[in-house]
Amino acid sequence: MAEFAEPLLRLITEFKRLPGIGQKSAQRIAFHLLRAPREDAERLAQALFDIKDKLTICTECNNISDGEICVYCRDPHRDHGLLCVIEEPHNILAVETTNTFRGLYHVLHGAISPLRGIGPEQLKIKGLVDRIHRGEIQEIILATNPTVEGEATAVYLARLLKPLGPRVTRIAMGIPVGSDLEFADEVTMSRSLENRREM
Ligand SMILES: [Zn+2]
């Protein structure tokens, strides 16, 4: 077992806590930074502080944003009548890689899970209802994950939102059941959007 000087060991330990980083990658990154100029390390440290200090939640869709309104919500070229509902901000990336969706988003920040004690009141649903009441939205695509929790959330939202007027659809299940949108490739995600069904 290799022995590391304490600060180096601490850095390696921190990297290993990140998703997808094992012992070897953690060591490689740590030694790379050790050799790199001080400015490189400072830039990295500053970037880490900035995501904690300079980001907020979009008041419109709850996406992560560097201002009151996020880049998607302030884009006039996007279809403001079409809304894609997702569980977490990173799920936007899966939908965006398809290059076929030009609407806006609504991030719930979770899914209904009785087992974990998460009910609809803990999700960002009120803002969604408010957006529909403003009357601009014609269709809502429920793109919660294909898990028990994601399905339960989609069913709950369909029942709640359909009486309010907009068309409510659910993405098709080309995505493996029990997985996260994050792991869907562009083609699968694209087809899931295309083949969405009425709720
Ligand atoms: Zn937004």
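Residues numbered from 1 in each chain as written. Predicted model: local features only at pLDDT ≥ 70, side-chain atom pairs only at ≥ 80, totals over all residues. Heavy atoms only, no water.

Peer 1: Please give an account of the packing of aromatic side chains that cites residues and values.
Peer 2: Summed over all chains, the structure comprises 3 aromatic pairs. Ring geometry for phenylalanine 4 against phenylalanine 31: centres 6.2 Å apart, planes inclined by 55°, an arrangement best described as tilted. A residue pair is termed long-range when its members are at least 10 positions apart, and phenylalanine 4 in the segment before helix H1 (6-16) and phenylalanine 31 in helix H2 (residues 23-35) qualify at 27 residues. Classification of phenylalanine 31 as partly exposed rests on a relative accessible area of 32%. (Phe/Tyr/Trp six-rings, centres within 6.5 Å; stacked < 30°, edge-to-face > 60°. Helix = DSSP H or I, 4+ residues; strand = E, 2+ residues; numbered from the N terminus. Buried < 20%, exposed > 50% of the residue type's maximum accessible area, 1.4 Å probe, protein only.)

Peer 1: How would you explain the pairing of strand E3 (residues 79-86) if you had to name every residue and give the values?
Peer 2: With 6 of 8 residues buried, E3 is to be regarded as a mostly interior element. Bridge analysis of E3 against strand E4 (residues 103-107) gives 5 bridges, and the strand direction is parallel. Bridging across to E4, aspartate 79 finds its partner in glycine 103. Viewed along the sheet, the connection from E3 through helix H4 (residues 91-96) into E4 turns out right-handed. Here E3 pairs with strand E5 (residues 139-142) via 4 bridges, running parallel. Across the sheet, cysteine 84 pairs through a bridge with isoleucine 141, a residue of E5. (Pairing = 2+ DSSP bridges. Right-handed = clockwise from strand over helix to strand, strands pointing away.)

Peer 1: Break down the nonpolar core for me, citing the residues and quoting the values.
Peer 2: Ile86, Phe101 and Tyr105 are the most contacted members of the largest nonpolar core, which has 21 residues in total. Not counting residues up to four positions away in its chain, the partners in contact with tyrosine 105 are Cys61, Tyr72, Arg78, Leu83, Cys84, Ile86, Ile92, Val95, Glu96 and Arg131. Residues Val85, Ile125, Ile132 and Ala158 belong to the second largest nonpolar core, which totals 18 residues. (Core = buried A, V, L, I, M, F, W, Y, C linked by side-chain atoms within 4.5 Å. Contact = heavy atoms within 4.5 Å.)

Peer 1: Can you break down the packing of helix H5 (residues 126-133) against helix H6 (residues 148-161) residue by residue, with the values?
Peer 2: It is at 12 Å that the axes of H5 and H6 come closest, and there the two elements cross at 35°. In this structure, H5 meets H6 at a crossing whose hand is right-handed. Between H5 and H6, the residues in contact are Leu128, Val129 and Ile132 and Leu157, Leu160 and Leu161, respectively. Partitioning the contact of H5 with H6 into residue classes produces 6 nonpolar, no polar and no charged. (Axes fitted to C-alpha atoms, helices over the stretch in contact; angles between N-to-C directions. Left-handed = near helix turned anticlockwise from the far one by under 90°. Nonpolar A, V, L, I, M, F, W, Y, C, P; charged D, E, K, R; others polar.)

Peer 1: Go over the side chain of threonine 169 with me, naming the residues and quoting the values.
Peer 2: Among the structural elements, threonine 169 can be located in strand E6 (residues 167-170). When residues no more than four places from it in sequence are discounted, the contact partners of threonine 169 are Glu139, Ile140, Ile141, Leu142, Arg196, Arg197, Glu198 and Met199.

Peer 1: Account for the coordination of the zinc ion, with residues named and values stated.
Peer 2: Looking at the metal site, the zinc ion is ligated by Cys58 (SG), Cys61 (SG), Cys70 (SG) and Cys73 (SG), spaced 2.3 Å from it. Metal-centred angles of 104 to 116° between the 4 donor atoms at the zinc ion mark the site as tetrahedral. The motif formed by the donor residues of the zinc ion, counted along the single chain, is C-x2-C-x8-C-x2-C. In this pair, cysteine 58 sits in the loop between strand E1 (56-57) and strand E2 (64-65) while cysteine 73 sits in the loop between E2 and E3, placing the two residues 15 residues apart along the sequence. (Donors = N, O, S within 2.8 Å, 3.2 Å for Na, K, Ca; no water. Tetrahedral: all angles 85-135°; square planar, octahedral: opposite > 155°, others 65-115°.)

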